[in-house]
Amino acid sequence: MTSAVHHEPRLAGDGVVWLLVLAELLTFGLLFVSFAVTRHLQPEVFGPGQAALSLHTGALNTLLLVAASWAAVRAVRCFEADQGRAGAHWLLAALSGAIGFLVVKTHEFAGKVQAGFDWATDSFTLLYTLLTGFHYLHVLVGAIVFAVLWFKARAGAYGRANHMGPASGAVFWHMVDLLWMVLFPLVYVIR
C-alpha cells in the first residue's frame, strides 16, 4: 500500500510580500477612489487633462507590464522544474519588460515637462502625478527586484528546493501589473 502525500494549496511567495501587497492595494484603492470621485465632481478640469494623455503610450505600457508578468511566471515555473538557466532567462525577460515600461513612462513624463506641465496645477494634475508617479516607483522597485533575482539565478541560487525569492518577486510584480490594469482605464481611457 502506497501512501499519498497530500499537500494543502498555499499562496505563492512569502507571507510578508502578501501583507505588503494588501497595504499597497489599499493605498492605491484610496487614490483610485479619489481620482474617480474628483473626476465626477470636476469634469471641466479632468476632460482636458485626460485628453492630453496618450492612449498609445498607455497601451504600450500595458503590453510591457503583461509581458513581464508572463515572463515572471515562466521563470518561477522553470525554477520549480529545476531549470535554473531557463528561469534566469525568463527573469531577464521580465526585467526587460519593467525597464521598457520605465523608459516609455520617463519619455511621457519628460514630454509633459517640456510642454510646461505643472505637477500640481489642479486636481487632475495632482492626482495624475500621485497615481502614475507612485506606480512608476513600484515598477522601479520591481525592476530592481528582477535584477537582483536575475543575478542570483545566474549564480545557480534557485531550483526546485529554493524558489521562494522568485515567487515572491513575481507576486509583487503581479500586484504592480494589476494596479496598472485599474490605473490605465481609470486615468487614460474612461472620460
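The shown structure was predicted, so the numbers you read here are calculated from the model rather than taken from an experiment.

**A short note on the packing of helix α4 (residues 84–114) against helix α5 (residues 123–154)**
Any two packed helices are characterised by how steeply their axes cross, that is the angle between the axes, and by the distance between the axes.
Part 1 of the argument: Packing of α4 against α5 brings their axes to within 9 Å, and their N-to-C directions diverge by 150°. Taken as axis vectors, α4 and α5 run roughly antiparallel relative to one another. Here the hand of the crossing between α4 and α5 comes out left-handed.
Part 2 of the argument: Looking at the contact of α4 with α5 residue by residue, the classes come out as 19 nonpolar, four polar and four charged.

**A short note on α5**
Part 1 of the argument: Across its 32 residues, α5 extends 46 Å between first and last C-alpha, which sits within 8% of the 46 Å expected from 1.5 Å per residue.
Part 2 of the argument: The backbone nitrogen of Phe124 has a side-chain oxygen 3.0 Å away, supplied by the residue at the start of α5, namely Asp122.
Part 3 of the argument: Immediately downstream of α5, the backbone of Gly156 shows phi near 80°, a positive value.

**So, unusual backbone geometry**
Part 1 of the argument: If you check the backbone angles, Asp82 has positive phi at about 60° while not being a glycine.
Part 2 of the argument: Turning to its location among the elements, Asp82 is positioned in the loop between α3 (55–80) and α4.
Part 3 of the argument: We classify Asp82 as partly exposed; its relative accessible area is 46%.

**Points about the packing of α3 against α4**
Part 1 of the argument: Packing of α3 against α4 leaves a shortest axis separation of 8 Å and a crossing angle of 165°. As the angle between them shows, α3 and α4 are arranged roughly antiparallel. Between α3 and α4 lies a crossing whose hand is left-handed.
Part 2 of the argument: Across the contact of α3 with α4, the residue classes break down as 19 nonpolar, six polar and three charged.

Cut-offs used in this document
- Residues take numbers from 1 onward in each chain, read along the sequence in its written order.
- Since the coordinates come from a predicted model, pLDDT governs what is reported: local features require at least 70, and pairs of side-chain atoms require 80 or more to be given and counted, while whole-chain, interface and lining totals use all residues.
- No hydrogens and no water enter the side-chain calculation; it runs on all heavy atoms of the structure.
- Angles shown run from 0 to 180 degrees and are taken between the N-to-C directions of axes, each axis being a line fitted to C-alpha atoms and, for helices, limited to the stretch in contact.
- The way it works is that DSSP assigns letters per residue, a run of H or I at least four long becomes a helix, a run of E at least two long becomes a strand, and they are numbered from the N terminus.
- Roughly parallel refers to an angle under 35 degrees, roughly antiparallel to one over 145, roughly perpendicular to one between 65 and 115, and oblique to any angle outside these ranges.
- By convention the crossing between two helices is left-handed if the near helix lies anticlockwise of the far one by an angle smaller than a right angle, and right-handed if it lies clockwise.
- Charged means Asp, Glu, Lys or Arg here, nonpolar means Ala, Val, Leu, Ile, Met, Phe, Trp, Tyr, Cys or Pro, and polar covers whatever is left, Gly included.
- For a helix, the expected span equals 1.5 Å multiplied by the number of residues minus one.
- Polar contacts, as used here, are pairs of N or O atoms within 3.5 Å; protein pairs need one atom able to donate a hydrogen and one able to accept it. Residues neighboring in sequence count only if both atoms are side-chain atoms.
- Each residue is placed in one exposure class: buried if its accessible area under a 1.4 Å probe, protein chains only, is under 20% of its type's maximum, exposed if it is over 50%, and partly exposed if it falls in between.

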